[in-house]
Amino acid sequence: MDILDVLEEGLRKAGAILPCDGHIGRLKWSRSARTDKGVHAAANVVSFMMVHGREGLIEDINRFIPSDCRVFAYRRTTNGFSAKQLCDRRRYCYLMPTSCFGSPSAAEVEEDTAPRPFIFTEEIRSKVQRVLNCFMGCKNFHNYTIAKSADDQSAKRYIQSFECSEPFMVEDMEFVRLTVLGQSFMLNQIRKMVAMTVMIVRDHDRLPGSVEDIMDATFAKRKYPLPKAPGTGLFLDHCFFTHYDATRGTTRGTLEFDEVKEQVEEFRMKRIFPEIARLEQKDHQCAGWVEIMTRHPIDYVGLLDVTAPPPVQNEEKEEGKQQVQESQIICEDRNPIAFVCNNQKVTIFTES
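One structure accompanies this document, and this report is about it.

## Remarks on the overall build of the chain
Counting secondary structure elements, the chain contains 10 helices and 12 strands. In the chain, the proportion of contacts linking residues at least 24 apart, taken out of those at least 6 apart, comes to 78%. On the chain, roughly 16500 Å² of surface is accessible, and the fraction owed to carbon and sulfur atoms is 50%.

Written out as C-alpha cells, the structure is:
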C-alpha cells in the first residue's frame, strides 16, 4: 500500500469520499508529482471531487491515517483543476552525508596512523556548487535516465536552480541538502545528477579535463552509462502552481499554503530528516555506494572521447527494458508531507 492508498482510506473513513462515489478514478483523482520506487515524497498535492469541506475535516482525516503521514490543509479549486496538469514546477531535495564528498586520497593514511576526519569546508561546497551549476538551463539529459535516445525531444529538461546548502547535523550525522528546481524530471534523473556531482567532487584533483568539459560530455549525443546514487536521501519537497495562483489565487486562494508552512517544516525536520539519517546509519547505502564507485570509478577519459563507440549498458540489455516510460514511475512514498483536496475539485495538502 503506497501513500495515496493510505490517504484514500483516510478520506473515506472521514466521510470526505462517500460510498456512493465508487472507484477513486470517478472523482478525477490526480497527483502533482510521482516518485521513483523507494523514494520519499516530502510534499505532494492531490486533487479530486470531494464532499464540501467542514470544520474539523483535517483532524478527522488525520485520525484515520498513520502518524507518519499528515494532511495539513485543503483548498476549493476550479472544477477543471488537475494537480498533475497544472503543476508547473517541482522541487526535490537530496540529503547527502558530507563524508561522501571526501576524496579517496584524503582517506589514505600511513600504517598505524589514525584516519583523518573529513571536514566539509567552504572550498568543497564551492566545488559542489560548480558542478551543480552545469545542470542549470535547458539540457539534453538522455544519459541521466533510461530508454531515451539523444534525438528524443522529451529528454530535454529545464533546470531552474540547483543549490547546495551549508552542512547541518541530523542524528549525529552531518549532511548537506542538494535542492533542485525544475519543470519535470525523468526516471532516475535526479539520482544520476547527484551521483555525477559526488563523483566529480571526489575525483576533482584527478580529472583529465575541466569540470565544465566533463559535464558537457554527459549532455552530448553519445550514449554513456552514468552512476546512480541511492534513493534513500531523495524526496519531493514542494510543488508549484505559479500560473494557477496568478490567475485564480486571488479569488480561490493560492496553493502555497502559507498558513501551514511552519507546521510542514517542523514535520520535515522532526520526522523526515531523522528517518533518512536512521536509514543511512542502519543500511549505509550512500557510504556503500561510494565504496563501490571508488573500486569502479568513472572513465572520464572515455567519457571525453566522443569518437569512441558507446560502452554496453546493463540497463539496456533486454529490448523490453528499453520500453520503460515515465508512466512506470511508482509512487511508494515513505515520508509524504503535503496534500491538497478539491470540493468540485478539492486540493489536499499532506505530510508524512
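## Examining unusual backbone geometry
Excluding glycine, residues mostly carry a negative phi; peptide bonds, for their part, are mostly trans. Notably, Glu-171 is not glycine yet its phi reads approximately 50°, a positive angle. As for its placement among the helices and strands, Glu-171 is situated in the loop between strand 8 (168-170) and strand 9 (173-182). The backbone of Phe-257 sits at a positive phi, close to 55°, despite the residue not being glycine. In this fold, Phe-257 is placed in the loop between helix 7 (242-252) and helix 8 (261-283).

## Re the packing of aromatic side chains
Aromatic ring pairs are reported here in terms of the distance separating the ring centres and the angle at which the planes meet. A full pass over the atoms with the stated rule returns 15 aromatic pairs. On the numbers, 5.3 Å between centres and 80° between planes, the contact of Phe-141 with Phe-219 is edge-to-face. Of this pair, Phe-141 sits in the loop between strand 6 (137-140) and strand 7 (156-164) while Phe-219 sits in helix 6 (residues 211-219), placing them 78 residues apart in sequence. Put simply, the rings of Phe-135, Phe-141, Tyr-144, Phe-162 and Phe-219 pair up and form one aromatic cluster. Across from the ring centre of Phe-240, 4.5 Å away, lies the NZ or CZ of Arg-89, which sits over that ring.

## Here we look at helix 9 (residues 285-295)
Of the residues making up helix 9, those classed as buried are Cys-286, Trp-289, Val-290 and Met-293. End-on, the buried residues of helix 9 take up no more than an arc of 100°, which puts them together on one face.

## Some points on the pairing of strand 5 (residues 89-97)
With eight of its nine residues buried, strand 5 lies for the most part within the structure. Two strands pair when backbone bridges link them, and strand 5 and strand 10 (residues 234-240) are joined in this way by six bridges, in the antiparallel orientation. Residue pairing for strand 10: Cys-93 is matched across the bridge by Phe-235. Relative to strand 9, strand 5 is paired through eight bridges, and the arrangement is antiparallel. Note on strand 9: the bridge partner recorded for Tyr-92 is Val-180.

## Quick notes on the pattern of salt bridges
Taken as a whole, this structure holds 19 salt bridges when the rule is applied. Note that Arg-75 is salt-bridged to Glu-259, the shortest N-O span being 2.9 Å. Taken together, the positions of Arg-75 in strand 4 (residues 70-76) and Glu-259 in the loop between helix 7 and helix 8 put the pair 184 residues apart, joining distant regions of the chain. Overall, the relative accessible area of 15% leaves Arg-75 in the buried class. Accessibility expressed as a relative area gives 46% for Glu-259, which makes it partly exposed.

## Here's the deal with the side chain of Arg-90
One can find Arg-90 in strand 5. Buried charge Arg-90 goes without a salt bridge, the closest partner of opposite sign being Asp-88 at 7.4 Å. A polar contact of 3.5 Å, which involves the side chain of Arg-90, links it to the backbone oxygen of Lys-84. Polar side-chain contacts of Arg-90 include one of 2.7 Å to the backbone oxygen of Gln-183. Discounting residues that sit within four places of it in the chain, Arg-90 has contacts with Ser-32, Ala-33, Lys-84, Val-180, Leu-181, Gly-182, Gln-183, Ser-184, Phe-185, His-238 and Phe-240.

## Let's talk about the packing of helix 4 (residues 122-133) against helix 5 (residues 189-202)
Packed helices, taken two at a time, are described by the angle between their axes plus the distance between the axes. Running from N to C, helix 4 and helix 5 point in directions that differ by 135°, and their axes come no closer than 9 Å. By the angle between their directions, the pair helix 4 and helix 5 is classed as oblique. Crossing geometry of helix 4 relative to helix 5 is assigned as right-handed. Taking contact as the criterion, the partners of Ile-124, Lys-127, Val-128, Val-131 and Leu-132 in helix 4 are, on helix 5, Thr-197, Ile-200 and Val-201. Among the residues making up the contact of helix 4 with helix 5, the classes are represented as six nonpolar, one polar and one charged.

Calculation rules
Residues numbered from 1 in each chain as written. Predicted model: local features only at pLDDT ≥ 70, side-chain atom pairs only at ≥ 80, totals over all residues. Heavy atoms only, no water. Helix = DSSP H or I, 4+ residues; strand = E, 2+ residues; numbered from the N terminus. Contact = heavy atoms within 4.5 Å. Areas by Shrake-Rupley, 256 points an atom, 1.4 Å probe, with all protein chains shown as cover. Phe/Tyr/Trp six-rings, centres within 6.5 Å; stacked < 30°, edge-to-face > 60°. Lys NZ or Arg CZ within 6 Å of the ring centre and 35° of its normal. Buried < 20%, exposed > 50% of the residue type's maximum accessible area, 1.4 Å probe, protein only. Arc of directions from axis to C-beta. Pairing = 2+ DSSP bridges. Salt bridge = Lys/Arg side-chain N within 4 Å of Asp/Glu carboxyl O. Lys, Arg positive; Asp, Glu negative; His and termini not counted. Polar contact = N/O pair within 3.5 Å; in protein donor to acceptor, adjacent residues only side chain to side chain. Axes fitted to C-alpha atoms, helices over the stretch in contact; angles between N-to-C directions. Parallel < 35°, antiparallel > 145°, perpendicular 65-115°, else oblique. Left-handed = near helix turned anticlockwise from the far one by under 90°. Nonpolar A, V, L, I, M, F, W, Y, C, P; charged D, E, K, R; others polar.

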